[in-house]
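Residue strings, one per chain:
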Amino acid sequence: MGRLTYLAVLTGCLLAAIWLEPVLRVNVLRRWRRLLLTLVPVVVVFAAWDAAAIAAGHWDFDPAQTTGILLPGRLPLDELLFFVVVPICTVLGFEAVRAVRTPPGQPRRPDGRWSAGDEPAGGVPAPVRDAR
């Protein structure tokens, strides 16, 4: 695979998780503002961390396995995409579990999901409006 190895792994991760959106109707992508609030801190902190580690000579990437596109701080584009794709996959997985499972001893909420601790007072999130 060579220069596309990192992108191939990221694509595989995304394909393994993205089906959860339509099949289990987890609405992660519909709630794009919430997803963006999750992604921005992760991307900023870890991109800065990687750039600092690269600058200090503690971290590098095999140019034979990345696209070769370097961003400021010599951060490969592939690595920045990692900081976007992996959190999206994680949130999709979390919301999928939340959609299908109620922990033992936990009362079911009216919408059939279990609490993750980020719900508004009263426990039931506002319905997701169709963006169409």
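Everything that follows concerns the structure shown earlier in this document.
Residues numbered from 1 in each chain as written. Predicted model: local features only at pLDDT ≥ 70, side-chain atom pairs only at ≥ 80, totals over all residues. Heavy atoms only, no water.

Engineer: Would you take a moment to explain the environment of P72 for this structure?
Structural biologist: Along the chain, P72 turns up in the loop between β1 (70-71) and β2 (75-76). Distance in space between the C-alpha atoms of P72 and A51 is 8.2 Å, their sequence separation being 21 residues. (Helix = DSSP H or I, 4+ residues; strand = E, 2+ residues; numbered from the N terminus.)

Engineer: Please explain helix α1 (residues 5-18) as it appears in this structure.
Structural biologist: Since the α-helix packs 3.6 residues into each turn, any two residues three or four apart lie on the same face. Spanning 14 residues, α1 covers 20 Å between terminal C-alpha atoms, matching the ideal 20 Å at 1.5 Å per step. What α1 keeps buried is the set Y6, L10 and A17. Taken down its axis, α1 places every buried residue within 35 degrees of arc, on the same side. Across α1 from its buried face, at more than 90 degrees, point the exposed residues L15 and A16. Looking at the buried side of α1, the elements it contacts are α2 (20-23) and α4 (77-100). (Expected span 1.5 Å × (residues − 1). Buried < 20%, exposed > 50% of the residue type's maximum accessible area, 1.4 Å probe, protein only. Arc of directions from axis to C-beta. Contact = heavy atoms within 4.5 Å.)

Engineer: So what exactly am I meant to see when it comes to the environment of L36 here?
Structural biologist: With respect to the secondary-structure elements, L36 resides in helix α3 (residues 32-55). For the pair L36 and V84, spaced 48 residues apart in sequence, the C-alpha separation works out to 9.8 Å.

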